[in-house]
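So you can see what is in the structure, the chains are spelled out below.
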Amino acid sequence: MKQNRSKNIQRKREPSSKGLSRRGFISKGAVSTLGLVLGSEMVFANNFPKGLIPVGLIENDNADDLIGKHKDLIILNDRPVNAEAPPHLLDDNITPRDLFFVRNNGVPPSDINVDTWTLTIEGESAETTKTYTLEDLKTKFKEHSYQITLECGGNGRSEYNPPAKGNQWSLGAVGCATWTGIRLRDVLEDVGVKDSAVYIGYYGKDTHLSGDADKKTISRGVPISKAMEDESLIAWSMNGEDLPMHNGYPLRLVFGGWPASCSGKWLEKIVIRDKVHDGPKMIGQSYRVPCETVAPGAKVADEDMCIIEEMPIKSLITYPRTGASIKLNQTLSIRGHAWCGSSAVSTTEYSIDFGATWKKCTLTKPANRHAWQHFSAKMKFPKVGYYEVWARATDEAGRSQPMIVPGWNPKGYLNNACHRIAVRVTAS
Ligand SMILES: Nc1nc2c(c(=O)[nH]1)N[C@H]1C(S)=C(S)[C@@H](COP(=O)(O)O)O[C@H]1N2
Ligand SMILES: [Mo]
């Protein structure tokens, strides 16, 4: 585990595959090609200090790529766009639209026409093929709203050692919104599901980074039993408004409790499969972990990797922000959210003595299945000094969060280590 987990929030990022990351630094090789990205030659490029980001680049990508998103999201990558919220900006019970993280694998569609948008359901285990317009979906089926937490399977990846390739997510690739749409089950039943059905897979309208129109970057799915749950939605609305462009406008899947990669954005096709769906990022090592524990750094054969299903239990302190300072005689109030993959969170605790003793927090009940829950606690500190507040959640089955990073895995998924914030107590 690295020294100070909470510091990661402001930490410089690893360079992306292009050697360039907005908040990170620029590798030597990348400086020579910067002109291409900036749109014109960078005169005196040789003098440009290693470690700086050209201002022109920063302004460009903010304006162009993150339409509708909060300026303080941490951008991990510009192409495809990947951005997370620092924990203190996730303080709301319902994550505001502009603070909901973005994980794009390709390029979002630019030619969206809601009047002509359709969703097609087909596949070996579909009784027939049907195509619905957005209007059909909104008028033919009963509308439902749920608060559902989505978390990227790679959230927390930046803590793994040896490091795993991919977006170096810290803590904020998670959010809980109110999603409105229709039950996936109702649409699947309208089409007819054969007994042979095993899995559903999605296809979105986003395109491959290569520009190849026939190629998809990602096409994942869930077992038919998960697809049939009450809370498994085809959604067109987030917090009462249209989906934000980066979160799948105009239509997406929403599956709570499973890696958010299952929740297909810009949804245009669902296939009902008679075997485990085999689209891009369903196969090989993507969204899989070793079926048995492995040593850090081990190479694991594809056949020894298992698909991630439920996400592990986790919690996040959203107030105060790490680095907070209070006076000795003051009471500190903390609050945050806790969530898990299947059942509900049953307890949340905090520690101010690096885990030697734990005290219970107040915890709310979930609004519905797969909604995150809210915890709070008040505490005093015995003397002046540096403290960390640690938070830990436990689910109904007694499963809890580890203090240190859990089982290393080649792709750096499922890090549910406890969140820690730094607190300084000063003389009154
Ligand atoms: N069509 C499509 N769906 C997608 C993706 C994508 O790149 N394309 N990314 C997936 C991944 S890996 C995650 S974590 C979630 C992120 O959802 P968000 O960007 O709305 O937070 O969308 C999933 N659905
Ligand atoms: Mo993801």
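This structure is a prediction, so every number in the text was calculated from the model and none was measured.

1. As for the site of ligand 1
Around ligand 1 sit 21 residues in total, of which Phe 101, Asn 105, Asp 206, Arg 252 and Lys 265 are the nearest. Between ligand 1 and Arg 103, the relevant distance is 2.9 Å, taken from an oxygen atom to a main-chain nitrogen or oxygen of the residue. Between ligand 1 and Asp 206, the relevant distance is 2.7 Å, taken from a nitrogen atom to a side-chain nitrogen or oxygen of the residue. When ligand 1 is considered free in solution it has 540 Å² of accessible area, and contact with the protein chains removes 100% of it. Elements with a minimum of two residues in the shell around ligand 1: β3 (102–103) and β8 (199–204). In the shell around ligand 1, the residues fall into nine nonpolar, eight polar and four charged.

2. Brief notes about the sheet that holds strand β19 (residues 345–351)
The mixed open sheet is built from five strands, whose spatial order is β17-β24-β23-β19-β20. The sheet terminates laterally at β17 (324–327) and β20 (359–360), the two strands that pair on one side only. With four bridges joining them, β17 and strand β24 (residues 419–426) adopt parallel strand pairing. Among the inter-strand pairings, Lys 327 is bridged to a residue of β24, identified as Thr 426.

3. With respect to the state of the cysteines
With the rule as written, the count across this model stands at one disulfide. Disulfide partner of Cys 291: Cys 306, at an S-S distance of 2.0 Å. Judged by the torsion about the S-S bond (105°), the Cys 291/Cys 306 disulfide is right-handed. Of this pair, Cys 291 sits in the loop between β14 (288–290) and β15 (305–307) while Cys 306 is found in strand β15, placing the two residues 15 residues apart along the sequence. Since its relative accessible area comes to 36%, Cys 291 is described here as partly exposed.

4. Section: the confidence of the model for the protein
For the protein, the average pLDDT comes to 89, and 86% of its residues sit at 70 or higher. Note on residues 1–25: pLDDT under 50 across the span, and 76 contacts to partners over four residues away in sequence or across chains. The low-confidence segment residues 58–64 (pLDDT under 50) makes seven contacts with residues lying over four places distant or belonging to another chain.

5. Focus: the sheet that holds strand β9 (residues 221–223)
Judged by pairing direction, the sheet is mixed, and its five strands sit side by side in the order β5-β4-β13-β8-β9 without closing on themselves. Edge positions in the sheet fall to β5 (130–133) and β9, since each has one partner strand and no second. The sheet shows a mean angle of 15° between the axes of neighbouring strands, taken without regard to direction. Where helix α5 (residues 184–191) meets the sheet, it contacts β4 (118–122), β5, β8 and β13 (267–273), and its direction lies at approximately 135° from that of β5.

What counts, and at which threshold
Residues numbered from 1 in each chain as written. Chains lettered and ligands numbered in written order. Predicted model: local features only at pLDDT ≥ 70, side-chain atom pairs only at ≥ 80, totals over all residues. Heavy atoms only, no water. Near = heavy atom within 4 Å. Polar contact = N/O pair within 3.5 Å; in protein donor to acceptor, adjacent residues only side chain to side chain. Areas by Shrake-Rupley, 256 points an atom, 1.4 Å probe, with all protein chains shown as cover. Helix = DSSP H or I, 4+ residues; strand = E, 2+ residues; numbered from the N terminus. Nonpolar A, V, L, I, M, F, W, Y, C, P; charged D, E, K, R; others polar. Pairing = 2+ DSSP bridges. Disulfide = S-S within 2.5 Å. Buried < 20%, exposed > 50% of the residue type's maximum accessible area, 1.4 Å probe, protein only. pLDDT = per-residue confidence, 0-100. Contact = heavy atoms within 4.5 Å. Axes fitted to C-alpha atoms, helices over the stretch in contact; angles between N-to-C directions.

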